[in-house]
Amino acid sequence: MSTQNTAPIAEATSPGTRIQQHRTYLMCRPEHFTVSYTINPWMEPANPTDTAKAVAQWQTLYDAYVALGHDVRLIDAIPGLPDMVYTANGGFVIDGVAYGAKFRFAERAPEGPAFMDWFRASGFDVAEPVEVNEGEGDFLLVGDTILAGTGFRSTGDSHRELGDVFGREVVSLNLVDPRFYHLDTAISVLDPVEGPGGVEKANIAYLPAAFDAPSRGILEDRYPDAIRVADEDGAVFGLNSASDGFNVLISPRATGFEAQLRERGYNPVLIDLSELLLGGGGIKCCTLELRHGQETTR
Ligand code: ARG
C-alpha cells in the first residue's frame, strides 16, 4: 500500500512536463445510431434518440482529434448495427497485430467479423479470437502491461488468450458495478508509455468503486500516483476519456476529474457526447487506438 497520494501534487506530477504523443485512431460515424435493445443499464429503448445529434456530437470528437494532430481512420457504419460507433470494442491492436473481438451479446456479434475485415484490408495481422472479448473496451495498454477487465463482458479466458497473442503481462481486474461494465468506463490511461531511460511514467486514473477489493489492491500497489476519481465523475462517464499524454478528452460533466487533471499538468479538452451516452458509451468507447508499431509508439 502506498501513502504517496498525500504527497504534494506539484512534487508528484510536475505540471508543464507532459508530452503529447501522436496517435492513430479508428472511429465509426454513428449514421445508424439508435437504442433498439438493452445490453447495459444505460440503454432504454423507450427513450427517443436523435441520430443527427449523435452524428453532430461525434463529429466534435473527430474534429478535436484532427485539430490536435492525430490521425483518424474510419470504418463504414453498417445498417442494423447501432453500437458500431463504439469502435473501442472492435478489437485490440498492438504493433500491427489486431486481436479480434467476439461479442458477448448476439446483437453486436456481427461487428466482430466486420472489424476483422477492416483490420485485414488495412494491413493489420488479425488474431482471430476463440474467447469472448470486447477489445479495447476491456483491455488497456499501460506501459508494457495490459490491464484486462472481466465481470460483465470479456471473459477471464480471453485474458489468457490475450497474453498468448501479445506475449505481454496481462493483469486481470474484476468489475462489479453494472453501470461500469467495460474497463474503459472505470480506468483512463493517461500516460500509456514509459519515459526515457525506462523510467516508469505510465499512469492512470480510475474509479475505485467500480472494482472489487482485490482489484482495488492491485491498482493501489501498481499505480500509487494514480488519480482516483470521485463517484459523481465516474457516474457521468468521466473515466471514459482519451489521453495523448497531454490533452485528455473528457466529458464536460466530469468537473472534479477536470480539476484533478489540471492539477497534474494535463490539458482537459471537453467533449459532450450526451446522445451517445444513451447507448452506454462515451469518448473512449468511440475511439480505438491503432498501434501500427514504430511510427505510433514515438
Ligand atoms: N451499447 C454498447 C454496449 O453495451 C456500448 C459500448 C460502450 N463501449 C465501451 N468501450 N465501453 O456494448
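For the structure itself, consult the block above.
Note that this is a predicted model, so its numbers are computed, not measured.

Some details on the overall build of the chain
Okay, step 1: Helix and strand content of the chain: eight helices and 15 strands.
Okay, step 2: Across the 298 residues that make up the chain, the buried fraction comes to 55%.
Okay, step 3: Excluding contacts between residues fewer than 6 apart, the proportion of contacts in the chain whose partners are at least 24 apart in sequence is 71%.
Okay, step 4: Summed over its atoms, the accessible surface of the chain is roughly 11,500 Å², and 52% of this surface lies on carbon and sulfur atoms.

Brief notes about empty space enclosed by the protein
Okay, step 1: Inspection of the entire model under this criterion finds four cavities of 30 Å³ or more.
Okay, step 2: The calculated volume of the largest cavity comes to roughly 210 Å³.
Okay, step 3: Sorting the residues of the lining of the largest cavity by element identifies β6 (139-142), β9 (187-191), β12 (242-243) and β15 (288-289) as the ones contributing at least two each.
Okay, step 4: Counting residues per element, the lining of the largest cavity draws most heavily on β9, which supplies three residues.

Topic: unusual backbone geometry
Okay, step 1: Phi at Asp95 is positive, roughly 50°, even though this residue is not glycine.
Okay, step 2: Examined against the element boundaries, Asp95 turns out to sit in the loop between β3 (91-94) and β4 (97-100).
Okay, step 3: Judged by relative accessible area, which is 45%, Asp95 ranks as partly exposed.
Okay, step 4: Unlike most non-glycine residues, Phe237 shows phi in positive territory, near 65°.

A closer look at the packing of aromatic side chains
Okay, step 1: By the definition in use, this model includes nine aromatic pairs.
Okay, step 2: Their ring planes at 80° and their centres at 5.9 Å tell us that Trp118 and Phe119 sit as a pair that is edge-to-face. Assigned by exposure class, Trp118 and Phe119 land together as buried.
Okay, step 3: Within the aromatic cluster, the residues linked to one another by ring pairs are Phe92, Tyr99, Phe139 and Phe166.

Notes on the environment of Val66
Okay, step 1: In this fold, Val66 is placed in helix α2 (residues 51-67).
Okay, step 2: A relative accessible area of 41% means that Val66 is categorised as partly exposed.
Okay, step 3: Taking the C-alpha atoms as reference, Val66 lies 10.0 Å from Thr24; in sequence the two are 42 residues apart.

Each value, and the rule that gives it
- Position labels on residues start from 1 in each chain and follow its written sequence.
- Where local features are concerned, this predicted model is filtered to residues with pLDDT of at least 70; where side-chain atom pairs are given and counted, the filter is 80 or more; whole-chain, interface and lining totals use all residues.
- Note that the side-chain values use all heavy atoms of the structure and ignore hydrogens as well as water.
- Working definition: helices are DSSP H or I runs of at least four residues, strands are E runs of at least two. Numbering for both runs from the N terminus.
- Only protein chains enter the area calculation, which uses a 1.4 Å probe; residues under 20% of their type maximum are buried, those over 50% are exposed, and those in between are partly exposed.
- Here, two residues are considered to be in contact whenever any of their heavy atoms come within 4.5 Å of each other.
- Surface accessibility in these figures is a Shrake-Rupley result with a 1.4 Å probe; residues are shielded only by whichever protein chains are displayed.
- Think of a 1 Å grid over just the protein atoms. A cavity is a set of points where a 1.4 Å probe fits yet cannot get out, a pocket is an open set with protein on both sides within 12 Å along at least five of seven lines, and lining residues have an atom within 4 Å of a point.
- Grid points are joined across faces, edges and corners, and a volume is the space filled by probe spheres set on the points.
- Pairing of aromatic side chains requires ring centres within 6.5 Å, counting the rings of Phe and Tyr and the six-membered ring of Trp. Pairs whose planes differ by under 30 degrees are stacked, by over 60 edge-to-face, and all others tilted.

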